[in-house]
Amino acid sequence: MLLYVTVGTNDIARAGAFYDTVLPLIGYRRQKVGAGEIGYAGDDDTRCRFWVVTPHNGRVATHGNGATVAFDAPTRLSVDAFHRAALALGGSDEGAPGLRPFHADFYAAFVRDPDGNKLAAVCERPEPPVAPLIT
């Protein structure tokens, strides 16, 4: 449904360091770099779907009130890792990893990047069963 999403930054180098660390934890990597922009895509995607940009109009980047970019995460452990890394890199907590009431398997974590953009990592897959210990 969506072609791409952009978030603004006032410091492209800082934003790149943040996203280069947190996005690979949930399956996305830097694929393109241009003047004032960095594009990210999943390993199996041929196009960048998430862009971090300095505003084209030259004004200060601001975050949207009520806007959240949610990334599909492959596992609940990757959601946990995304949240930890985001906080370690200057992001702020907007909701610790855990199940949400949207449906039985909606496991998510919410953060803000250093520019204040709200992000979520969401795994909607059931937790894999734990094999019994054989003693």
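As a reminder, the structure under discussion sits directly above these lines.
Residues numbered from 1 in each chain as written. Predicted model: local features only at pLDDT ≥ 70, side-chain atom pairs only at ≥ 80, totals over all residues. Heavy atoms only, no water.

Caption draft 1: Quick peek at the overall build of the protein. Along its length, the protein carries two helices and eight strands. Seen in sequence order, the protein has helices and strands lined up from the N terminus as β-α-β-β-β-β-α-β-β-β. Relative to the 2.2 N^0.38 estimate, which gives 14 Å for 135 residues, the radius of gyration of the protein is 16 Å and therefore close to what a compact globule would have. On the principal axes, the C-alpha backbone points of the protein span a range of 65 × 30 × 30 Å. Expressed as a percentage of the 135 residues in the protein, the buried residues total 40%. Contacts in the protein between residues at least 24 apart in sequence constitute 55% of all its contacts with a sequence separation of at least 6. Accessible area of the protein: about 8,000 Å², with a carbon and sulfur share of 56%. If you average the places of the 13 positive and of the 15 negative side-chain charges in the protein, the two averages end up 4 Å apart. (Helix = DSSP H or I, 4+ residues; strand = E, 2+ residues; numbered from the N terminus. Rg over C-alpha atoms; globule rule 2.2 N^0.38 Å. Buried < 20%, exposed > 50% of the residue type's maximum accessible area, 1.4 Å probe, protein only. Contact = heavy atoms within 4.5 Å. Areas by Shrake-Rupley, 256 points an atom, 1.4 Å probe, with all protein chains shown as cover. Lys, Arg positive; Asp, Glu negative; His and termini not counted. Charge placed at Lys NZ, Arg CZ, Asp CG, Glu CD.)

Caption draft 2: Highlighting the packing of aromatic side chains. A full pass over the atoms with the stated rule returns seven aromatic pairs. Aromatic side chains tyrosine 40 and phenylalanine 50 sit 6.3 Å apart centroid to centroid with 50° between the ring planes, which places their arrangement in the tilted category. You can see tyrosine 40 sitting in strand E3 (residues 37-42) and its partner phenylalanine 50 sitting in strand E4 (residues 50-53), a full ten residues away along the chain. The pair tyrosine 40 / phenylalanine 50 is uniform in exposure class, with both members buried. Centre to centre, the rings of phenylalanine 50 and phenylalanine 71 are 4.9 Å apart; their planes meet at 75°, and the pair counts as edge-to-face. Here phenylalanine 71 lies in strand E5 (residues 69-72) and phenylalanine 50 lies in strand E4, a separation of 21 residues in the sequence. Considered together, phenylalanine 50 and phenylalanine 71 belong to a single accessibility category, that of buried residues. Connected via pairs of aromatic rings, a cluster forms that spans Phe18, Tyr19, Tyr28, Tyr40, Phe50 and Phe71. (Phe/Tyr/Trp six-rings, centres within 6.5 Å; stacked < 30°, edge-to-face > 60°.)

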